[in-house]
Amino acid sequence: MSRHSFAPLVATFARRHSSRYALAALALVMTGWAATGGFADAARADAARADAARADAARADAARADGARAVPRSGPMAEPAPGIARAAASLTLPSASATVAHSPSVSVAALRTAGTGVAPGVAPDQALARRLAPVVAATPASLSVAVLDPADGRAARYGVQAGTTYDTASIVKVDILAALLLKAQDQHRGLTAQEKTSAASMIRISDNASADALWRVIGQAPGLDAANRRLGLTGTTGGGGGHWGLTQTTATDQLALLSAVFGTDSPLDQASRAYLRGLMGGIAAGQDWGVSAAGPVTGLKNGWLQRTATGRWDVNSIGLVRVDGHDRLVAVLSRGSVSMADGVQLVEKAAKAAVQALDGTA
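Quick caveat, the model's predicted, so the values are computed rather than measured. Residue numbers restart at each chain and count upward from 1, following the sequence in its written direction. In view of the model being predicted, local features appear only for residues whose pLDDT reaches at least 70, and side-chain atom pairs are presented and counted only at 80 or more, with totals across whole chains, interfaces and linings using the full set of residues. Excluded from the side-chain calculation are hydrogens and water; included are all heavy atoms of the structure.

### A closer look at the packing of helix α11 (residues 193-204) against helix α12 (residues 208-217)
Working step 1: Between N-to-C directions, angles cover 0 to 180 degrees, with each direction set by a line fitted to C-alpha atoms, over the stretch in contact for helices. For the purposes of this entry, the term helix denotes a DSSP run of H or I that reaches at least four residues, the term strand denotes a run of E that reaches at least two, and both are numbered from the N terminus. Between α11 and α12, the least distance of the axes is 8 Å, while the angle of their chain directions is 125°. With respect to α12, the axis of α11 lies oblique. The hand of the α11/α12 crossing is left-handed. From α11, Glu 195, Ser 198, Ala 199, Ser 201 and Met 202 reach across to α12, where they touch Ser 210, Ala 211, Leu 214 and Val 217. Any angle that falls under 35 degrees is termed roughly parallel, while one over 145 is termed roughly antiparallel, one within 65 to 115 roughly perpendicular, and all others oblique. A clockwise turn of the near helix away from the far one marks a right-handed crossing, whereas an anticlockwise turn of less than a right angle marks a left-handed crossing. The contact rule is simple, with two residues in contact once any of their heavy atoms fall within 4.5 Å.

### So, the confidence of the model for the protein chain
Working step 1: Across the protein chain, pLDDT averages 77, with 66% of residues at or above 70.
Working step 2: Per residue, pLDDT captures the predictor's confidence, and it can take any value from 0 to 100. In this model, residues 1-108 is a region of pLDDT below 50 whose contacts with residues beyond four sequence positions or in other chains number 186 contacts.
Working step 3: Under a pLDDT of 50 for its full length, residues 113-121 has, in the predicted model, 24 contacts with residues more than four places off or in other chains.

### Describing the side chain of Asn 302
Working step 1: Counting through the fold element by element, Asn 302 comes out in strand β5 (residues 297-306).
Working step 2: The class for Asn 302 is buried, based on a relative accessible area of 3%.
Working step 3: Polar contacts, as counted here, are pairs of nitrogen or oxygen atoms within 3.5 Å of one another; within protein the pair requires one atom able to donate a hydrogen and one able to accept it, and residues that are adjacent in sequence qualify only if both atoms are side-chain atoms. Polar contacts involving the side chain of Asn 302 include one to the main-chain carbonyl oxygen of Gln 287, which spans 2.9 Å.
Working step 4: One polar contact links the side chain of Asn 302 to the main-chain carbonyl oxygen of Trp 289, over a distance of 2.8 Å. Throughout, exposure labels follow a simple rule: accessible area from a 1.4 Å probe, protein chains only, divided by the maximum for the residue type, with under 20% read as buried, over 50% as exposed, and the rest as partly exposed.

### What to know about the packing of helix α10 (residues 172-186) against helix α13 (residues 220-231)
Working step 1: The N-to-C vectors of α10 and α13 enclose an angle of 85°; their axes lie 9 Å apart at closest approach. Taken together, the axis directions place α10 and α13 in an arrangement best described as roughly perpendicular. Of the residues in α13, those touching α10 at Val 172, Asp 175, Ile 176, Ala 178, Ala 179, Leu 182 and Asp 186 are Leu 224, Ala 227, Asn 228, Arg 230 and Leu 231.
Working step 2: Asp, Glu, Lys and Arg are counted as charged, while Ala, Val, Leu, Ile, Met, Phe, Trp, Tyr, Cys and Pro are counted as nonpolar; the rest, among them Gly, fall into the polar class. Of the residues assigned to the contact of α10 with α13, the class counts are eight nonpolar, one polar and three charged.

### Notes on the packing of aromatic side chains
Working step 1: Only centres within 6.5 Å qualify two rings of Phe, Tyr or Trp (six-membered ring in Trp) as a pair; their planes then separate them into stacked at under 30 degrees, edge-to-face at over 60, and tilted for everything else. Per the counting criterion, the structure on display carries one aromatic pair.
Working step 2: Two limits define a charge over a ring: the Lys NZ or Arg CZ must be within 6 Å of the ring centre, and within 35 degrees of the ring normal. Taking the ring centre of Tyr 166 as reference, the NZ or CZ of Arg 335 above it sits at 4.2 Å.

### Section: the pattern of salt bridges
Working step 1: A pair is scored as a salt bridge if a Lys or Arg side-chain nitrogen falls within 4 Å of a carboxyl oxygen belonging to Asp or Glu. One pass over the structure, following the stated rule, counts nine salt bridges.
Working step 2: The closest approach of N and O atoms between Arg 328 and Asp 149, which form a salt bridge, is 3.0 Å. Remark: Asp 149 occurs in the loop between β1 (142-148) and β2 (155-158) and Arg 328 occurs in strand β7 (residues 326-337); sequence separation between them is 179 residues. The residues Arg 328 and Asp 149 share a single accessibility class, namely buried.
Working step 3: Three or more residues are tied together by salt bridges with common partners; here these are Asp 149, Asp 152, Arg 154, Arg 328 and Asp 359.

### Topic: the pairing of β1
Working step 1: Buried residues dominate β1, accounting for seven of its seven residues.
Working step 2: Here β1 shows a buried face lined by Ser 142, Ser 144, Ala 146 and Leu 148 and a second buried face lined by Leu 143, Val 145 and Val 147.
Working step 3: Strands were regarded as paired on the criterion that DSSP finds at least two bridges between them. Note: β1 against β7, seven bridges, orientation antiparallel. Considered in β7, the bridge of Val 147 is made with Val 330.

### Quick word on the nonpolar core
Working step 1: Put simply, buried Ala, Val, Leu, Ile, Met, Phe, Trp, Tyr and Cys residues joined by side-chain atoms within 4.5 Å make one nonpolar core. Core analysis: the largest hydrophobic core is formed by 83 residues, its most contacted members being Leu 128, Leu 132, Val 145, Ile 176, Leu 177, Leu 276 and Val 332.
Working step 2: The dominant element in this core, judged by the number of residues it contributes, is helix α16 (residues 340-359), at eleven residues.
Working step 3: Other than its neighbours up to four places away in sequence, Ile 176 contacts Met 202, Leu 214, Trp 215, Ile 218, Leu 224 and Trp 244.

### A short note on unusual backbone geometry
Working step 1: Backbone geometry at Ser 206 places phi at a positive 60°, although glycine is not the residue there.
Working step 2: Positionally, Ser 206 belongs in the loop between α11 and α12.

### What about the environment of Arg 130?
Working step 1: Position of Arg 130 relative to the elements: it lies in helix α9 (residues 124-137).
Working step 2: In this structure, the C-alpha to C-alpha distance between Arg 130 and Ala 357, residues 227 residues apart in sequence, is 8.8 Å.

Structure follows, in structure tokens:
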């Protein structure tokens, strides 16, 4: 992303937030933005090969993301039994007040600019890069991370580069539900009973058949892309055909999505936001890993996908965690892990590093 592309975002930020934050953002535009982090040469080559391998056979195999791609196993990362999907809608959801506390409006512009320093002379991006250096050095996977304090707009990013996107796998299910809720709002209606059943299964237990059904309801990729223009996701494109798991996104776009769910300055109305928060606050046991490693989680969605062409894993996690009384929106995207377990470990280490970098803790 060039420094010039920040200008319209700063204008939006200035309208929605205090001049103090607008001036901070404007200073970043004037001085330019130097990306920190990034990928090692081997990771770049691996990413290029993975992108080049998007042949029809790989797409068809990869489209049934997450649970359908996971290696059958027992333990905390196993996909739930099929019968659980039918019962998901009957599970008790946390109340909206229990899932998020005091979440202010979050400007998309704040997500596109680096935060102010957490310590004299140390910017959050630099702090995050330092904390992630040993983590990245120990893995063949590539990584993109973003974290935001919604109260004051401070942010840190790593591996966020113009033109570089990641497969969403099942984190796109939050986006699918947001698109469905926008469609229902436009039609001045609530969700149908069947839509609610599918939504609960899709978010809480990551049921793929439910995602297939709602993907069709929203109009597949064109419907998702239209919703994302309203939600402020500027670097996300829906997967072709029925391949929602191959939707391409960025870590900053995922923070924009989270801000639309957990903030108040959102095209989603209060009822829609509360509904999404409730589902994200009730993720099934065994799927509650990821950014939750950084602190108590009030909203979560994970995604995991094994690519047929390479045998490597995409593992992603997005959510809102609460640390020492402060909310943190966190998004971690990865590709190229040798196993799902390695990918989960990588994502959790990155989430912890992101929160620590923003807070200036060891």
